[in-house]
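# Secondary and tertiary structure notes
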Amino acid sequence: MVRLIGLTGPIASGKSAVSDLLMQAGCPVVDADKIAHELLSDPTGNVHHRVIAAFGPSVLDDNGIIDRKKVGSIVFSDSSKLRLLNQATHMPILWEILRQTLLLMWQGQRRIVLDVPLLVKFPLLRRLALSAVLVVIVSPEVQMSRLMARNALTEEEARKKIAVQETAERQRKAADFVIENDGTLEELQGHVSDFLRNQP
């Protein structure tokens, strides 16, 4: 039997570190952010054309590739623009997640992690496909300081970015297992080991 584990969490919660630890433990990871980046970086692809249709050529860089920072500056201050971006990208991303997951299953993998930041927006996927949902959360203070340091943002820019994300509490409600990631890397490794021990 194949177990599909959903991994999610608010921005700057340390979800990527958890993903890395799961990979080190032998769980292949299908990474929705990486898929989105690859699809947006392909100037011949369907996602490229859909995003340009929605936002115009001003979001392109000098090489004709979609500039994620330009798109981000538009959508993180306007929820209607964020909806436009989601409409342009969500289905192609979901199809690629499905393709990669099926390939891993065909290769004989029996425990696969789906790293999906917007997992709480897909209750049907959670109910029908996932064996467990792992949510990584962090205190608001740590989240703010990590985000400002990681993305070189001002406090106001960081607040705007956090404001359009799903709240930690809503994500916690969708979880089968919660990792609170306010501590050290060693503590995080212990939490991930605990989670894996509890999985069949």
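Parameters at a glance
Residues numbered from 1 in each chain as written. Predicted model: local features only at pLDDT ≥ 70, side-chain atom pairs only at ≥ 80, totals over all residues. Heavy atoms only, no water. Helix = DSSP H or I, 4+ residues; strand = E, 2+ residues; numbered from the N terminus. Buried < 20%, exposed > 50% of the residue type's maximum accessible area, 1.4 Å probe, protein only. Contact = heavy atoms within 4.5 Å. Areas by Shrake-Rupley, 256 points an atom, 1.4 Å probe, with all protein chains shown as cover. Lys, Arg positive; Asp, Glu negative; His and termini not counted. Charge placed at Lys NZ, Arg CZ, Asp CG, Glu CD. 1 Å grid on protein atoms, 1.4 Å probe; cavity = no way out; pocket = protein on both sides within 12 Å on 5 of 7 lines; lining within 4 Å. Points joined across faces, edges and corners; volume = space filled by probe spheres on them. Nonpolar A, V, L, I, M, F, W, Y, C, P; charged D, E, K, R; others polar. Patch = residues over 30% accessible without salt bridge, like charges linked within 9 Å, V, L, I, M, F, W, Y side chains within 5 Å. Salt bridge = Lys/Arg side-chain N within 4 Å of Asp/Glu carboxyl O. Axes fitted to C-alpha atoms, helices over the stretch in contact; angles between N-to-C directions. Parallel < 35°, antiparallel > 145°, perpendicular 65-115°, else oblique. Left-handed = near helix turned anticlockwise from the far one by under 90°. Core = buried A, V, L, I, M, F, W, Y, C linked by side-chain atoms within 4.5 Å.

### Re the overall build of the protein
For the protein, the count of helices and strands is 10 helices and 5 strands. Classification of the 200 residues of the protein by burial places 41% in the buried group. Taking the contacts inside the protein whose residues are at least 6 apart along the sequence as the reference set, 70% of them involve residues at least 24 apart. Just so you have it, the protein exposes about 11,000 Å², and 55% of that area is on carbon and sulfur atoms. Treating the 24 positive side-chain charges of the protein as one cloud and the 23 negative ones as another, the clouds have centres 6 Å apart.

### Concerning the layout of surface pockets
There is about 290 Å³ of room inside the second largest pocket. Lining of the second largest pocket is provided by 15 residues; of these, Leu94, Ile97, Leu98, Leu125 and Ala129 occupy positions nearest its centre. Broken down by secondary-structure element, the contributors of at least two residues to the lining of the second largest pocket are helix 5 (79-106) and helix 6 (123-129). Class assignment of the residues belonging to the lining of the second largest pocket gives a composition of 13 nonpolar, 1 polar and 1 charged.

### Focus on the environment of Phe177
Structurally, Phe177 is set in strand 5 (residues 177-180). Judged by its relative accessible area of 22%, Phe177 falls in the partly exposed class. Residues Phe177 and Asp194, 17 residues apart in the sequence, show an inter-C-alpha distance of 9.9 Å. Leave out the neighbours within four places in its chain, and Phe177 touches Val133, Leu134, Val135, His191, Asp194, Phe195 and Asn198.

### Brief notes about a nonpolar patch on the surface
On the surface, a cluster of nonpolar side chains totalling about 430 Å² of accessible area is made up of Met91, Trp95, Leu98 and Leu102. Note that Leu98 resides in helix 5. Residue Leu98 is classed as partly exposed on the basis of its relative accessible area of 39%.

### Structural notes on the packing of helix 2 (residues 32-40) against helix 5
The geometry of helix 2 relative to helix 5 is characterised by a closest axis approach of 10 Å and an angle of 120 degrees between their N-to-C directions. What the angle tells us is that helix 2 and helix 5 run oblique. Pair helix 2 / helix 5 crosses with right-handed handedness. Seen from helix 2, the contacting residues are Ala32, Ile35, Ala36 and Leu39; seen from helix 5, they are Pro92, Ile93, Glu96, Ile97 and Gln100. Grouping the amino acids of the contact of helix 2 with helix 5 by side-chain chemistry returns 7 nonpolar, 1 polar and 1 charged.

### What about the pattern of salt bridges?
A full pass over the atoms with the stated rule returns 8 salt bridges. Between Lys15 and Asp115 there is a salt bridge whose closest N-O contact spans 2.7 Å. Here the residue Lys15 occupies a position in helix 1 (residues 15-24), and Asp115 occupies one in strand 3 (residues 111-115), the gap between them amounting to 100 residues. For the pair Lys15 and Asp115, a shared accessibility class is recorded, and that class is buried. Salt bridges sharing partners connect three or more residues here, namely Glu169, Arg172 and Glu180.

### Comments concerning the nonpolar core
In this structure, Val30, Ile93, Ile97, Ile112, Leu114, Val116 and Leu130 are the most contacted members of the largest nonpolar core, which totals 17 residues. If we ignore the near neighbours within four places in the chain, the residues touching Ile97 are Val30, Ala32, Ile35, Leu114 and Val116. Val113, Leu134, Val192 and Phe195 belong to the second largest nonpolar core, which has 15 residues in total.

### Topic: the environment of Val136
Relative to the elements of secondary structure, Val136 occurs in strand 4 (residues 132-137). Considered as a pair, Val136 and Val192 are 56 residues apart in the sequence and their alpha carbons are 10 Å apart.

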